[in-house]
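Chain and residue survey
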Amino acid sequence: TIKLSDETTIKAEVATTESDFNGVRANGAAYLAEISQQTKTLDGKFYLREQDGDFGLGQQMGSETDTRKLGVDGNYRWTEQFSLSTSAFRQYNLATDAVRDMAEVRGNLSEKGYTLHAGLRHAQDELGNGDTNTSEQFISGVSYNLLGDKLVLRAEHDQSLLRSNANGDFPT
């Protein structure tokens, strides 16, 4: 990790694993490169991640196994109560040649004890066989803090729009 300034950080990580389960040997690697900036009004991050299929000891999320992901996350605080957040990435499945594109933008309203958010999401998978599965969604949610912020109750709903509900990982 290199701190370029009080607001900007560069991070790079490399990890490898080697395992032998009942005579089945596996070697894998994972990489991360990230640059982030945090100011009073803007937080942003660009990243590149890659994880080999044989990386780890079985504890990694299956959706990240054998993938390369390039993305950006951002949050702009208009006021103390209102912010606008964005997230977008392209993920390559290195085993199947599938490509996923996801982009999301949402408005967030926070008051003492609760938060509301609403926005839009586009998720599209181009599968290795040439098929394309797309979901266009309205996303919304609310959270409420109880017991001095020790307990958080949440409710969220994603609603597909215009009959666009083909992406199995982003259903209604």
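Computed from a predicted structure; not experimentally measured. (Residues numbered from 1 in each chain as written. Predicted model: local features only at pLDDT ≥ 70, side-chain atom pairs only at ≥ 80, totals over all residues. Heavy atoms only, no water.)

Take the overall build of the chain next. Along the backbone of the chain there are zero helices and ten strands. When its helices and strands are written in sequence order, the chain yields β-β-β-β-β-β-β-β-β-β. In the chain, which comprises 172 residues, the proportion classed as buried is 30%. Residue pairs in contact within the chain that sit at least 24 positions apart in sequence constitute 37% of those at least 6 positions apart. If you sum the accessible surface of the chain, you get close to 11,400 Å²; carbon and sulfur atoms cover 54% of it. (Helix = DSSP H or I, 4+ residues; strand = E, 2+ residues; numbered from the N terminus. Buried < 20%, exposed > 50% of the residue type's maximum accessible area, 1.4 Å probe, protein only. Contact = heavy atoms within 4.5 Å. Areas by Shrake-Rupley, 256 points an atom, 1.4 Å probe, with all protein chains shown as cover.)

Below, the discussion takes up the nonpolar core. Membership of the largest hydrophobic core is limited to five residues, which are Tyr-47, Phe-89, Met-102, Ala-123 and Phe-170. Discounting residues that sit within four places of it in the chain, Met-102 has contacts with Ser-87, Ala-88, Phe-89, Arg-121, His-122, Ala-123 and Phe-170. (Core = buried A, V, L, I, M, F, W, Y, C linked by side-chain atoms within 4.5 Å.)

Next up on the list: the layout of surface pockets. Each pocket or cavity is described by its volume, and for the largest pocket that value is around 250 Å³. Taken together, 15 residues make up the lining of the largest pocket; nearest its centre are Ala-30, Tyr-31, Arg-49, Glu-50 and Gln-51. The residue inventory of the lining of the largest pocket, partitioned by class, reads seven nonpolar, two polar and six charged. (1 Å grid on protein atoms, 1.4 Å probe; cavity = no way out; pocket = protein on both sides within 12 Å on 5 of 7 lines; lining within 4 Å. Points joined across faces, edges and corners; volume = space filled by probe spheres on them. Nonpolar A, V, L, I, M, F, W, Y, C, P; charged D, E, K, R; others polar.)

Note on placement: Asn-167 falls in the segment after β10 (151-165). Among the polar contacts made by the side chain of Asn-167, one reaches the main-chain amide nitrogen of Asp-169 at a distance of 3.0 Å. In this structure Asn-167 touches Arg-100, Ala-123, Gln-124, Asp-125, Asn-133, Thr-134 and Ser-135, once residues within four positions along its chain are discounted. (Polar contact = N/O pair within 3.5 Å; in protein donor to acceptor, adjacent residues only side chain to side chain.)

Mapped onto the secondary structure, Glu-50 falls in strand β4 (residues 42-51). A distance of 2.8 Å separates a polar atom in the side chain of Glu-50 from a polar atom in the side chain of Arg-68. Residues contacting Glu-50, with those up to four places away along its chain left out, are Ala-29, Ala-30, Tyr-31, Thr-67, Arg-68 and Leu-94.

A few words on the pattern of salt bridges. For the coordinates displayed, the defined rule picks out nine salt bridges. With a shortest N-O distance of 2.5 Å, Asp-169 and Arg-100 are connected by a salt bridge. Residue Asp-169 is located in the segment after β10, and its partner Arg-100 is located in strand β7 (residues 99-111); the two are separated by 69 residues in the primary sequence. A salt bridge links Arg-121 to Asp-158; its shortest N-O distance comes to 3.1 Å. Highlighted residues: Arg-121 in strand β8 (residues 114-126) and Asp-158 in strand β10, separated in sequence by 37 residues. A cluster of three or more residues bridged by salt bridges with shared partners is formed by Arg-100, Asp-125 and Asp-169. (Salt bridge = Lys/Arg side-chain N within 4 Å of Asp/Glu carboxyl O.)

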